[in-house]
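Take a look at the letters that make up each chain.
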Amino acid sequence: MLCPASCFPLLRDLSQLRCLLGWPRQRGVCVTGTNRPVCHTKPLPGSKYASAGCLLSLHHSEKPEHEEVCEFRPYTCPCPGASCKWQGSLEAVMPHLMHAHKSITTLQGEDIVFLATDINLPGAVDWVMMQSCFGHHFMLVLEKQEKYEGHQQFFAIVLLIGTRKQAENFAYRLELNGNRRRLTWEATPRSIHDGVAAAIMNSDCLVFDTSIAHLFADNGNLGINVTISMC
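Residues numbered from 1 in each chain as written. Predicted model: local features only at pLDDT ≥ 70, side-chain atom pairs only at ≥ 80, totals over all residues. Heavy atoms only, no water.

## What to know about the packing of aromatic side chains
Considering all chains together, one arrives at 4 aromatic pairs under this definition. Residues Phe-134 and Phe-170 carry aromatic rings whose centres are separated by 6.2 Å and whose planes lie at 45 degrees to one another, so their mutual orientation is tilted. A residue pair is termed long-range when its members are at least 10 positions apart, and Phe-134 in the loop between strand S7 (125-133) and strand S8 (136-148) and Phe-170 in strand S10 (residues 170-178) qualify at 36 residues. For Phe-134, a relative accessible area of 33% corresponds to the partly exposed category. Of the aromatic side chains, those joined through ring pairs into one cluster are Trp-127, Phe-154 and Phe-208. (Phe/Tyr/Trp six-rings, centres within 6.5 Å; stacked < 30°, edge-to-face > 60°. Helix = DSSP H or I, 4+ residues; strand = E, 2+ residues; numbered from the N terminus. Buried < 20%, exposed > 50% of the residue type's maximum accessible area, 1.4 Å probe, protein only.)

Below, the structure written as structure tokens:
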């Protein structure tokens, strides 16, 4: 038989009442002493990237979503379309690119021309270049793919070899120039933690189709003016 609330004058919170009545308590252990029961709550589990510096304590249901975007998760190889399975720290990204992807050209300066050659190649194609300025490295990517079936498009974006917080300190401008024509895109670069695929999925990049590309191309080559600035 359940006792009325007046039977428990010394219980000052619901947690003690739960212990006495034997009600279940999530993530807690109930210890019964000689006078009154005491509840000890277990700490919430941390992120699986705690050893890398993540200090968050999360409920089990929250862990997968957080770990997908955690700043402390390992960096993957940022090269689009590559089968490279490399993972490592942010500091190791550039040494990896220089060692394993030596074909990528690096240009110095905040204002450069990204030249994509043979844009008429069939199928899905990637063009990649590095730009170094303001003490940071930026990855310039042009992808040709069918985001929608039967409709081939080009996607151009700039990624920072750095964190999301560092990326917020910069802005970039992509510009196509042709005969009395100009197409411009300005945005904040994405961190390589976000990757190219996420930007394309959200159309957060310069997007144009093949007919537009031909208006600005010269003998099948497309030059994109890239300017990086600090905010």
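## Some thoughts on the pairing of strand S13 (residues 206-209)
Burial along S13 is one-sided: Leu-206 and Phe-208 are buried, while Val-207 and Asp-209, pointing the other way, are not. Note that strand S9 (residues 151-160) and S13 share 4 bridges and pair antiparallel. Looking across to S13, one finds that Ala-156 is bridged to Leu-206. (Pairing = 2+ DSSP bridges.)

## Points about the pairing of S9
Most of S9 is tucked away: 8 of the 10 residues are buried. Of the pairings in the sheet, the one linking S8 to S9 comprises 10 bridges and is antiparallel in character. Within the sheet, the bridge partner assigned to Gln-145 lies in S9 and is Gln-153. Where S8 folds back onto S9 in an antiparallel hairpin, the turn is made up of 2 residues, including Gly-150, whose phi is positive at roughly 85 degrees. Bridge count between S9 and strand S12 (residues 190-191): 2 bridges; the pairing is parallel. Within the sheet, the bridge partner assigned to Leu-160 lies in S12 and is Ser-191.

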